[in-house]
Amino acid sequence: MLEAYVPVLILLLVSIAFALVLLLVAWAVAPEKFSKVKLQPYECGIEPVTDARDRYSVRYYLVAMLFVIFDVETVFLYPWAVIMDDLLLFGLIEMLVFLGILIIGYAYAWRKGALEWA
Amino acid sequence: MVDLIVVPLLKIVVLIVAVLTAVAYMVLLERKVQAWVQVRLGPMRVGPHGVLQPVADVLKLLIKEDITPSRVDRWVFTLAPIIVLVCAFWVFAVIPVGPTVELFGREVSLQLTDLNVGLLYVVSIASLGIYGTILAGWSSNSKYPLLGSLRASAQLVSYEVAVTMTLVTIILLTGSLSFNRIVEVQRDMGVWFAFLQPVAFFIYFVGGLAETNRAPFDLPEAEQELVAGFHTEYSGIRFALFFLAEYTNMIVVSAVAVTVFFGGWLAPFPNVGWLSWLGYIPGWMWFVIKVFGVLYAFLWVRATFPRYRYDQLMRLGWKVLIPLAIANVIVTAAVKVWWLS
């Protein structure tokens, strides 16, 4: 069974090698001229004043947390769907209970405004 | 030894060359289609009707200066495009391009490897690429790239849920995650899943547009707001790697769409008598035709729709597509239980 993963590994190594070769070839042929202004971060012609890594909106963290919850839930659905042929009604009810709990959480997040962006 | 290393290696070389060619001509096709939609001619100078334009583009990107701005984190700045590109290529390992064929007296399957977790593999590897985007924005240490990468990650993550969820219906129909099996089931049932699961296809297509940062969801690189998004500071070959990865990702999304929803390498209308000659066209050619069909839809959408606003984008993802995907899974499961009992 594990032999099926050997081509996956080879593909990974070949694509890393491909990216590195492209980089090396380009660095060998491309010109390099130093200029202080050119090396500044791009800011539409204005000189950058502060470090760019500043605080950003808390919404992004919220989206990340919601993502973790929902994606883990979906991962649970995958094996359930594979053996659905054997489980039938039992599997359906089990999954409805599982999804039901999640939908309650989803409705709660919606009402609390976690899904709003503005 | 030959079967384990040499054959896969040869397949990989063919695969990468094919993907690079497809990307090159995809870029030309995009410019041409955009031009035709806007009643222009598009690239015409390099070669007849601009067919050599991709070659000129590649040469230009290779010999341009590759600037490393003074404030960036050098190693991560170089690592980011490599991660994005490698993840884009890596997905192709499980996509079946055609049925098993006989080549030089040897049975060769036109799929790198038939993993029994194929669909899960694609979903997980495809979302790994976002690490490259985040690292690119962070290591650039410049405001526009940082904003672009934040937007890109939040957007990808939001649509990822709906897409992953909607693919569950396909597993319900096939009872397997293997791509080969998914195509075989479509052949045996005599119907493509796009017609059996139109809602799932719709969610997948919209999610695919959003995950590849295509218009109308191209907010991470909205030119009017963010210059070029997360690759603002990139130039030369490292920019080329991002560019290549972006178009490779579009091909990946189309290839998965074709395999899962449009019968992969199957010829259409196998049951219509006077169209039986369609079956003589080899499977891999059907695959390529279908992939370019889906890619054309991507371009068509880009030329037609205006860009979403960010809160609209998030609302569509979280409040429309996710409930729709959950409902679709429940309905499909219920119909399946009812059908089997």
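Quick caveat: nothing in here was measured; it's all calculated off a predicted structure.

### Focus on the overall build of chain B
Scanning chain B from N- to C-terminus turns up 13 helices and two strands. For 341 residues, the compact-globule formula gives about 20 Å, and the C-alpha radius of gyration of chain B, at 21 Å, lands near that figure. If one aligns the C-alpha atoms of chain B with their principal axes, the spans along those axes are about 65 × 50 × 50 Å. Classification of the 341 residues of chain B by burial places 59% in the buried group. Expressed as a percentage of contacts within chain B between residues at least 6 apart in sequence, the contacts between residues at least 24 apart total 77%. About 14400 Å² of surface is accessible on chain B, with carbon and sulfur atoms providing 69% of the total.

### Quick notes on the interface of chain A and chain B
The interface of chain A with chain B comprises 67 residues on the first partner and 78 residues on the second. The interface formed by chain A and chain B holds two salt bridges in total. A salt bridge links Glu116(A) to Lys319(B); its shortest N-O distance comes to 2.5 Å. At the boundary of chain A with chain B, the tally comes to seven residue pairs in polar contact (both at pLDDT 80 or more). Those elements that provide at least two residues to the side of chain A that touches chain B are helix 1 (6-29), helix 2 (59-82), helix 3 (84-87) and helix 4 (89-112) of chain A.

### Comments concerning helix 13 (residues 310-340) of chain B
With 31 residues, helix 13 of chain B ought to run about 45 Å at 1.5 Å a step, and its terminal C-alpha atoms sit 44 Å apart, in line with that. Roughly 30° is the biggest bend found in helix 13 of chain B, and it falls at Leu321(B), with proline Pro323(B) one to four residues downstream.

### Considering the domain arrangement of chain B
Residue and element names in this part refer to chain B. Assigned domains within chain B: domain 1 (19-63) and domain 2 (67-340). Centre-to-centre, using C-alpha coordinates, domain 1 lies 23 Å away from domain 2. Listed per partner, the contact involves 13 residues of domain 1 and 19 residues of domain 2. At the boundary of domain 1 with domain 2, total buried surface from both sides reaches about 1500 Å², with 83% on carbon and sulfur atoms. Among the residues of domain 1 in contact with domain 2, Met-26, Glu-30 and Leu-61 are the three that bury the most area, contributing 38% of the side total. Linking domain 1 with domain 2 are two salt bridges. Here Glu-30 and Arg-214 are joined by a salt bridge, their closest N and O atoms 2.9 Å apart.

### Focus: the packing of helix 6 (residues 143-174) of chain B against helix 9 (residues 198-211) of chain B
All names here are of chain B. Running from amino to carboxyl end, helix 6 crosses helix 9 at an angle of 155°, the nearest separation of the two axes being 9 Å. Our classification of the angle between helix 6 and helix 9 gives roughly antiparallel. For the element pair helix 6 and helix 9, the recorded crossing hand is left-handed. Of helix 9, the residues touching helix 6 (which contributes Gln-155, Leu-156, Tyr-159, Glu-160, Ala-162, Val-163, Thr-166, Leu-167 and Thr-169) are Ala-200, Ile-203, Tyr-204, Val-206, Gly-207, Gly-208, Ala-210 and Glu-211. The residue makeup of the contact of helix 6 with helix 9, split by class, is ten nonpolar, five polar and two charged.

### Regarding the environment of Leu61(B)
Residue and element names in this part refer to chain B. By secondary structure assignment, the location of Leu-61 is in helix 2 (residues 53-63). When its relative accessible area of 16% is taken as the criterion, Leu-61 is described as buried. Residues Leu-61 and Ile-237, spaced 176 residues apart in sequence, show a C-alpha to C-alpha distance of 5.8 Å. Not counting chain neighbours up to four residues away, the residues in contact with Leu-61 comprise Gly-236, Ile-237, Phe-239 and Ala-240.

### Considering helix 9 of chain B
Residues and elements named next belong to chain B. Helix length check: helix 9 (14 residues) gives 20 Å between terminal C-alpha atoms against 20 Å at 1.5 Å per residue, within 8%. Of all 14 residues making up helix 9, ten are buried, and the element is well covered by its neighbours. Residues of helix 9 that are buried include every one of Ala-200, Ile-203, Tyr-204, Phe-205, Val-206, Gly-207, Gly-208, Leu-209, Ala-210 and Glu-211, and no others. Packed against the buried residues of helix 9 are helix 6, helix 11 (236-261), helix 12 (283-304) and helix 13.

### Details of the environment of Val37(B)
Residue and element names in this part refer to chain B. Inspection of the secondary structure assignment puts Val-37 in helix 1 (residues 2-37). Among the residues examined, Val-37 registers a relative accessible area of 44% and is labelled partly exposed. As a C-alpha pair, Val-37 and Asn-213 span 176 residues in sequence and 21 Å in three-dimensional space.

### Concerning the confidence of the model for chain B
With 99% of its residues at a pLDDT of at least 70, chain B reaches an overall mean of 85. Mean pLDDT across the elements of chain B ranges from a minimum in strand 2 (residues 106-109) of chain B, with 72, to a maximum in helix 9 of chain B, with 90.

### Some details on the packing of helix 4 of chain A against helix 13 of chain B
The interhelical angle for the contact between helix 4 of chain A and helix 13 of chain B, taken along N-to-C directions, is 165°, at an axis separation of 11 Å. Relative to helix 13 of chain B, the element helix 4 of chain A is oriented roughly antiparallel. Viewed along their axes, helix 4 of chain A and helix 13 of chain B form a crossing whose handedness is left-handed. Contacts from Leu89(A), Leu92(A), Leu96(A), Leu99(A), Ile103(A), Tyr106(A) and Trp110(A) of helix 4 of chain A reach helix 13 of chain B at Trp318(B), Lys319(B), Ile322(B), Pro323(B), Ile326(B), Ile330(B), Ala333(B), Ala334(B) and Val337(B).

### Here's the deal with the packing of aromatic side chains
Taken as a whole, this structure holds 22 aromatic pairs over all chains when the rule is applied. Look at Phe70(A) and Tyr106(A): their rings are 5.6 Å apart centre to centre, the planes differ by 85°, and that puts the pair in the edge-to-face class. Within this pair, whereas Phe70(A) is found in helix 2, its partner Tyr106(A) is found in helix 4, the two being separated by 36 residues in sequence. What makes Tyr106(A) buried here is its relative accessible area of 8%. Each ring, one from Phe205(B) and one from Phe298(B), has its centre 5.5 Å from the other, and the planes form 80°; the classification is edge-to-face. Linking Phe205(B) in helix 9 with Phe298(B) in helix 12, this pair joins segments that are 93 residues apart in sequence. For the pair formed by Phe205(B) and Phe298(B), the shared burial category is buried.

### Details of the pattern of salt bridges
Residues and elements named next belong to chain B. Enumeration over the complete set of coordinates arrives at ten salt bridges over all chains. The salt bridge involving Glu-30 is made with Arg-302; its shortest N-O contact spans 2.5 Å. One end of the pair, Glu-30, is in helix 1; the other, Arg-302, is in helix 12, with 272 residues separating them in the sequence. Assessed through its relative accessible area of 3%, Glu-30 is described here as buried. Owing to a relative accessible area of 33%, Arg-302 belongs among the partly exposed residues under this scheme. A salt bridge links Arg-181 to Glu-184; its shortest N-O distance comes to 3.6 Å.

Cut-offs applied
- Residues numbered from 1 in each chain as written.
- Chains lettered and ligands numbered in written order.
- Predicted model: local features only at pLDDT ≥ 70, side-chain atom pairs only at ≥ 80, totals over all residues.
- Heavy atoms only, no water.
- Helix = DSSP H or I, 4+ residues; strand = E, 2+ residues; numbered from the N terminus.
- Rg over C-alpha atoms; globule rule 2.2 N^0.38 Å.
- Buried < 20%, exposed > 50% of the residue type's maximum accessible area, 1.4 Å probe, protein only.
- Contact = heavy atoms within 4.5 Å.
- Areas by Shrake-Rupley, 256 points an atom, 1.4 Å probe, with all protein chains shown as cover.
- Salt bridge = Lys/Arg side-chain N within 4 Å of Asp/Glu carboxyl O.
- Polar contact = N/O pair within 3.5 Å; in protein donor to acceptor, adjacent residues only side chain to side chain.
- Expected span 1.5 Å × (residues − 1).
- Bend = angle between axes of the 7 residues up to and from the residue.
- Domains from an automatic or database assignment.
- Buried area = accessible area lost by both parts, 1.4 Å probe.
- Axes fitted to C-alpha atoms, helices over the stretch in contact; angles between N-to-C directions.
- Parallel < 35°, antiparallel > 145°, perpendicular 65-115°, else oblique.
- Left-handed = near helix turned anticlockwise from the far one by under 90°.
- Nonpolar A, V, L, I, M, F, W, Y, C, P; charged D, E, K, R; others polar.
- pLDDT = per-residue confidence, 0-100.
- Phe/Tyr/Trp six-rings, centres within 6.5 Å; stacked < 30°, edge-to-face > 60°.

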